[in-house]
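For reference, the chains in residue letters:
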Amino acid sequence: VCLVSMDQVTIIVDPNPTPAFAGNDETICASSDSLMGSPIVIGTGVWTLISGTGTITSPSTSISGVNGLSVGANIFQWTTSNGVCPNSIDQVAIYVDANPSIAAAGFDQTICSSTSAFTATTPVIGTGVWTLISGSGIASTPNSPTSGITGLTVGANNFLWTVSNGVCPSIADQIIINVDPNPTPAYAGPDQAICNVNSSLTAGTITIGTGNWTVVFGGGIVTSPTTTTTPVFSMATGPNIFAWSVSN
């Protein structure tokens, strides 16, 4: 006839939190980015820095900004939790590439040859490569800042030195190698034997460059030193030697 004794127990079953997905790894060229974790349906989430650097602006939201990233790997973890259930975690890596060194292709050149060498500055960050923009020429070692170059043509030959690193924007600089053609071979005319202190000089026609008469030995006044044919007066008795020089 005794009274029944009763007691109750409640078993609360917590659902597992939303599986954590921290997003895809990225490679960027900046010190700030966004963390793109999976939205929370069950439970709560939090971002934590595992390695590298970075300040998370909204640690408890799935999508958050992050500032102060350093060059290299910056690893973040997105953790979802609910009640007594095991946490779900996932990590994402944000790789930061450094901006390449400033490209310095060197000074423009004016030469009288079909070969030369580049004089670019060696990049501290990134790698460089030479490319032909106009004219002609073949770099023997395209990735070397001091590569030799062959096959240059007369006139302007324009080359670009481009320095790049990872996903960062490339930096480029141009150099012009001007090739002057060789002057027309100088021909001063035949030797003369005369009985007069006055005569004329007759050089060969110039197609490339300019000419100039000079007195090498003896005497004489050349009236038009820069023309192929010119009178010459007041020569001395004996040999009078004149040089016709063509330059370009």
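> Would you mind showing me how to read the nonpolar core here?
Soluble, globular proteins show a tendency: their nonpolar side chains are buried together. Counting 15 residues, the largest nonpolar core has F118, W130, L152, F159, W161 and I177 as its most contacted members. Those elements that place two or more of their residues in this core are strand 13 (155–164) and strand 14 (171–179). Counting residues in hydrophobic clusters, the runner-up holds 13 residues, among them A20, I56, W78 and I94.

> What am I meant to see in the packing of aromatic side chains here?
In this description, a pair of aromatic rings is defined by centroid distance and the angle of the planes. Counting across every chain of the model gives 5 aromatic pairs. Centroid distance F118 to W130: 3.8 Å. Interplanar angle 15°. Geometry classified as stacked. Taken together, the residues span a long stretch of sequence, with F118 in the loop between strand 9 (116–117) and strand 10 (127–134) and W130 in strand 10 at a distance of 12 residues. One exposure class covers both F118 and W130, and it is buried.

> Honestly, a nonpolar patch on the surface in this entry has me stumped. Any pointers?
Judged by side-chain polarity, V9, I11 and V13 come together as a nonpolar surface patch covering roughly 380 Å² of accessible area. With respect to the helices and strands, the residue I11 is situated in the segment before strand 1 (26–28).

> Can you walk me through the environment of T115 in this structure?
Residue position: T115 is located in the loop between strand 8 (109–111) and strand 9. By relative accessible area, which is 41% here, T115 ends up partly exposed. Taking the C-alpha atoms as reference, T115 lies 9.9 Å from A139; in sequence the two are 24 residues apart. If sequence neighbours within four positions are ignored, T115 has contacts with I149, T150 and L152.

> Please explain the state of the cysteines as it appears in this structure.
By definition, a disulfide links two cysteine residues through a covalent bond between their sulfur atoms. Within this structure, the stated rule accounts for 1 disulfide. C29 shares a disulfide with C168; S-S distance 1.9 Å. Its torsion about the S-S bond being 105°, the disulfide of C29 and C168 is classed as right-handed. Residue C29 is found in the loop between strand 1 and strand 2 (33–36), and its partner C168 is found in the loop between strand 13 and strand 14; the two are separated by 139 residues along the sequence. Residue classification places C29 among the partly exposed residues on the basis of a relative accessible area of 25%. Classification of C168 by relative accessible area gives buried; the value is 5%.

About the thresholds
Residues numbered from 1 in each chain as written. Predicted model: local features only at pLDDT ≥ 70, side-chain atom pairs only at ≥ 80, totals over all residues. Heavy atoms only, no water. Core = buried A, V, L, I, M, F, W, Y, C linked by side-chain atoms within 4.5 Å. Buried < 20%, exposed > 50% of the residue type's maximum accessible area, 1.4 Å probe, protein only. Helix = DSSP H or I, 4+ residues; strand = E, 2+ residues; numbered from the N terminus. Phe/Tyr/Trp six-rings, centres within 6.5 Å; stacked < 30°, edge-to-face > 60°. Patch = residues over 30% accessible without salt bridge, like charges linked within 9 Å, V, L, I, M, F, W, Y side chains within 5 Å. Areas by Shrake-Rupley, 256 points an atom, 1.4 Å probe, with all protein chains shown as cover. Salt bridge = Lys/Arg side-chain N within 4 Å of Asp/Glu carboxyl O. Contact = heavy atoms within 4.5 Å. Disulfide = S-S within 2.5 Å.

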